[in-house]
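# Descriptive structure summary
What follows is the residue order along each chain.
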Amino acid sequence: MSVAYRAVQWNRQKRLYDLVIVAGCLLYLGVFIAVTAGASPAPTAETLILRAFGSLALVLLHVVLSIGPLARLDRRFAPLLYNRRHLGVTMFLAGLIHGVFALLQFHSFGTLHPLASALAGETPAGGLGAPLAQLPFQPFGLLALTILFLMAATSHDFWLANLTAPVWKALHMLVYVAYAAVLLHVVLGILQVEQHPLYVALLTAGAVWVVGLHLLAGWRERAIDRRTAALEEQAGDDGFVEVCTAGDIPERRALTVTLAGDRVAIFRDGDAIYALSSVCKHQNGPLGEGKIVDGCVVCPWHGYQYLPQSGTSPPPFHETVPTFRVRTTGQRVFVHPTPLPPGTETPTARVDALPDHADPETFYIGWEPRAAAPSARRARQATVALMVLALAVGGSLAAAQGAFAPSFFDFGAPRVYEGIVQLDPHPRLLVPRDTPGGVADAAAPYSSWLLSGAFKHGAEADVGDLDGRRVRLEGTPVYRGRRTLLEVVAGSVEELEPAGDAAPVLRSHGRHTLRGEIVDSKCHLGVMKPGEGKAHRACATLCIRGGIPPLLVVADGVLADRALADGAERLPPGAEHLLFVGAEGEAVGLQIMPWVAEPIEVTGEVIRVGDSWVFEADLTTLRRVS
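## Notes on unusual backbone geometry
Note the cis peptide between Pro315 and Pro316, where omega equals 10°. Residue position: Pro316 is located in the loop between β7 (305–306) and β8 (326–329). Omega for the peptide link from Lys529 to Pro530 comes to 0°, which places this bond in the cis form. In this fold, Pro530 is placed in the loop between α13 (521–527) and α14 (537–545). At Arg252, a position not held by glycine, the phi torsion is positive, near 55°. The topology assignment puts Arg252 in the loop between β1 (241–245) and β2 (254–259). Take Arg252: its relative accessible area is 25%, and that puts it in the partly exposed class.

Structure representation (C-alpha cells):
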C-alpha cells in the first residue's frame, strides 16, 4: 500500500534490497568456493556447489529468523524487515539448488527412484535402534525444503488474501519446524563427516543467537503485558479502564497496553486520542509500533494503513481492525476493554492541548521512493555488518573443511584399452603390466582394473558374456593410489583374438579381523569427494546395489598391526583398499546394505590376487564399532 493507494510493484527500495541480496550471495559463494579450492587439491565441481549453496542457505536462514526479533527490539532494523520475504525466497532457492544437486549426485541414475533413495537409502545397521548419530539425515533436509517451498510459493499477498491471514500466518510459522529440521540435517549429516570443532561452535552459536533473540523479544513483549495486566482491576462502574495520561503517548505514536488479553494501541494525534487493535490484518504486524502519517496509522512492517477513528483502510482497500471506545478526563485516558466489531467508527476523544513536539525519530515506510537519511544510514550499517559476518562465517566454514582425497576421475576423456575380462566375483580388466626394465612381473603380470558401467551401474551389461576373452574397449579411468577402475563406454567393447592363460597368482596372507568402512569403489576411488562417510552412504548403497564392486577401506595402520600380531609379514602399500566379497569369494550386494559407510569390524581372509587385494569376509562376524 502507499500514501496514494497505488499497488506497489518494483520501486527503488526493492531494487536496492534485491541488488544487495544478489551481490551478497554471489560474494559469499565466491569466497566459499575460492577458499575451498585453494585449501584442497582437487574438489569436484559438484562438491563445491553442494557445500557452497547448502551453507549459504543455512546462513540466510539464520539472517531471516533474526530480522523479526531484531526489528521488535530496535526499530532501526525495520528497513530489513520490509522485504524480508525476498530474502526468504532467495534462501529457499539456495536450498533448492543444494537439494537438487544432492538428489542428482547421490540418488539419481541408479536402480531406485531418487526420492525413494533419499527417504530410505540410508538405513543403518540396527535400523531405528542405531545410535542417534547414525540415523538418516537426508529426510530432515527434504522436510525442511518442502516447508520452505510452501512458504516461498505462498509469499505473494495473493495467497495471504486467499488463504486468510490466520491460515497464512500459521503456514509461515512452520519456518521454525524447518529450522529444527535443518539443524538435524546438519548435525546428523555433515557434522558426522567434518570433525573440525569450528562447525559445532558456529552451529551452536547460531542456534543460541536465534533462540536467544526470540526469547529476548518475547520477554520484552511479556513485560508489556505484565505492566498493564493489573489495569482491568481498576475499572470503573462503566467498565472503562484508566490506562495512561495523554503525556505518556508520543505525538502521532502509540502506547501499547493489554486489555482483556488483547493488545490495544492508543494513538495521539495532537489532542485527539484513538484506540484500536495493535494487530495488523496483513501479517499480524504490531500497529502499536507504527505512526500516524497523512492521517492514517501506518504499520511498521509493510506499510498497511488504517484510519484511526474507524480502523478501516481507506478506499479502495478493505482491511479492518477492531476499535475501542475512549473517553478522557483532563489529561487522563480511559479505554473500554471490550473491542468493537472491526471497522466500527468511534467518537474522537480529546484531551487538553499539549505542546506539539516534533517527533525526532525517522519512521521508515518501505514503499516510499527513498528512505530518510537516518534510516538509510542505519540500513546500510546493518547490511554491511550482516554481510561481513556472513562472509566471515562462509570463509571459516570453507577453511575448516577436511582435505579432499588425492583421487581422480578423468571425466570426459575416455581412452582405449586392451586386456582380458574376468567376471568373478566382479568384472575386471587384466591389462599386461611390465616393469620399467621391460620384463614382465612374474608375481603380477597383469594390472587388475575394476570395471563399472555408466553412473551407478555395474559393467555386467557391457562385458557379461566375455569372461576370459581379450577385448578392446573405451573407458574413463578413476584412480586413487594403486587402485584403478574403468567406467566402460557403452557399446565400445570389441572382442579380439583369444588370450592365453591370464589367471593371476593368488597368495593368502592369513585370516584377520579388520576395522574399516565398506564403500563403493567407483565413488571412493575418485568420482566423488568425499566418496565415503555418512554423507555418502545413500549413494554408496545405491552404487553397490547397481553392481559397483564394494571395497573395504581399512582404517589407518589397523591392517598392518593386526597382521603383525598374528605373526604375518607386514603388508605392502595398496592393501588398504580390499575388494569385499563373501567367505567363498562370491559377490555380495544386498547382504551388506545396512553396513555400508558404517565403522565396522569383520573377520575374514586377506588374499593378494596379482597386484590387487581381496577380503573374503565372514559376514556373520560383521559388527558396528564406535
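There's plenty left to go through after this.
## Regarding the state of the cysteines
What the rule picks out here adds up to zero disulfides. The structure places no disulfide on Cys299, whose sulfur is separated from the nearest cysteine sulfur, that of Cys280, by 4.0 Å. On the accessibility criterion, Cys299 (4% relative accessible area) is buried.

## Details of the sheet that holds strand β20 (residues 577–581)
Strands sit in the order β18-β19-β20-β22-β21 around a closed barrel of five strands; the barrel is mixed. Here the strands of the sheet are splayed against their neighbours by 50° on average, with no regard to which way each runs. Here α14 sits on the sheet in contact with β18 (506–520) and β19 (550–554), set at roughly 130° to β18.

## Section: the sheet that holds strand β10 (residues 349–350)
The strands making up a sheet associate through hydrogen bonds between their backbones, and the pairing can be parallel or antiparallel. The four strands are arranged β2-β3-β4-β10 in an open sheet whose pairing can be described as antiparallel. Each having just a single partner strand, β2 and β10 make up the two edges of the open sheet. Two elements, β2 and strand β3 (residues 262–269), share six bridges in a ladder whose sense is antiparallel. Considered in β3, the bridge of Thr256 is made with Ala265.

## With respect to helix α9 (residues 175–188)
Helix length check: α9, at 14 residues, gives a terminal C-alpha distance of 20 Å against a target of 20 Å (1.5 Å per residue), a fit within 8%. Those residues of α9 not exposed but buried are Val175, Ala178, Tyr179, Ala181, Val182, Leu183, His185, Val186 and Leu188.

## Focus on the packing of aromatic side chains
Per the counting criterion, the structure on display carries eight aromatic pairs. Judged by centre distance (6.0 Å) and plane angle (50°), the ring pair of Phe92 and Phe149 falls under tilted. Note that Phe92 is positioned in helix α4 (residues 84–107) and Phe149 in helix α6 (residues 138–153), a separation of 57 residues in sequence. The exposure class assigned to Phe92 is buried, which follows from its relative accessible area of 8%.

## Considering the nonpolar core
Side chains that are nonpolar tend, in soluble globular proteins, to be buried together. Judged by nonpolar contacts, the single largest core of 61 residues is most densely connected at Tyr28, Leu56, Leu61, Leu87, Tyr179, Phe267 and Leu287. With 22 residues, the next largest nonpolar core counts Leu514, Leu552, Ile600 and Val606 among its residues.

## Quick word on the packing of α4 against α14
Two elements in contact, α4 and α14, have axes separated by 8 Å at closest approach and are oriented at 35°. Contacts between α4 and α14 pair Gln105, Phe106 and His107 from the former with Ala538, Cys539 and Leu542 from the latter. Among the residues making up the contact of α4 with α14, the classes are represented as four nonpolar, two polar and no charged.

## Here's the deal with the packing of helix α1 (residues 12–39) against α4
In the contact formed by α1 and α4, the axes pass within 10 Å of each other and the chain directions differ by 30°. Put simply, α1 runs roughly parallel to α4. Between α1 and α4 lies a crossing whose hand is right-handed. Within the contact between the two elements, α1 uses Lys14, Tyr17, Asp18, Ile21 and Cys25 and α4 uses Arg84, His86, Leu87 and Thr90. Looking at the contact of α1 with α4 residue by residue, the class counts come to four nonpolar, two polar and three charged.

## A word on the pairing of strand β13 (residues 428–432)
Among the five residues in β13, four count as buried, and that is most of the element. Where strand β12 (residues 415–422) folds back onto β13 in an antiparallel hairpin, the turn is made up of five residues. As judged from the five bridges shared by β13 and strand β14 (residues 446–452), these two strands associate in the antiparallel manner. From the neighbouring strand, Pro432 faces β14, where its bridge partner is Tyr446.

## Describing α1
Taking 1.5 Å per residue, 28 residues should reach 40 Å; α1 reaches 40 Å between its end C-alpha atoms and fits that length. If you check which residues of α1 are buried, you get Gln13, Lys14, Tyr17, Asp18, Ile21, Gly24, Cys25, Tyr28, Leu29, Phe32 and Thr36.

Each value, and the rule that gives it
Residues numbered from 1 in each chain as written. Predicted model: local features only at pLDDT ≥ 70, side-chain atom pairs only at ≥ 80, totals over all residues. Heavy atoms only, no water. Helix = DSSP H or I, 4+ residues; strand = E, 2+ residues; numbered from the N terminus. Buried < 20%, exposed > 50% of the residue type's maximum accessible area, 1.4 Å probe, protein only. Disulfide = S-S within 2.5 Å. Pairing = 2+ DSSP bridges. Axes fitted to C-alpha atoms, helices over the stretch in contact; angles between N-to-C directions. Contact = heavy atoms within 4.5 Å. Expected span 1.5 Å × (residues − 1). Phe/Tyr/Trp six-rings, centres within 6.5 Å; stacked < 30°, edge-to-face > 60°. Core = buried A, V, L, I, M, F, W, Y, C linked by side-chain atoms within 4.5 Å. Nonpolar A, V, L, I, M, F, W, Y, C, P; charged D, E, K, R; others polar. Parallel < 35°, antiparallel > 145°, perpendicular 65-115°, else oblique. Left-handed = near helix turned anticlockwise from the far one by under 90°.

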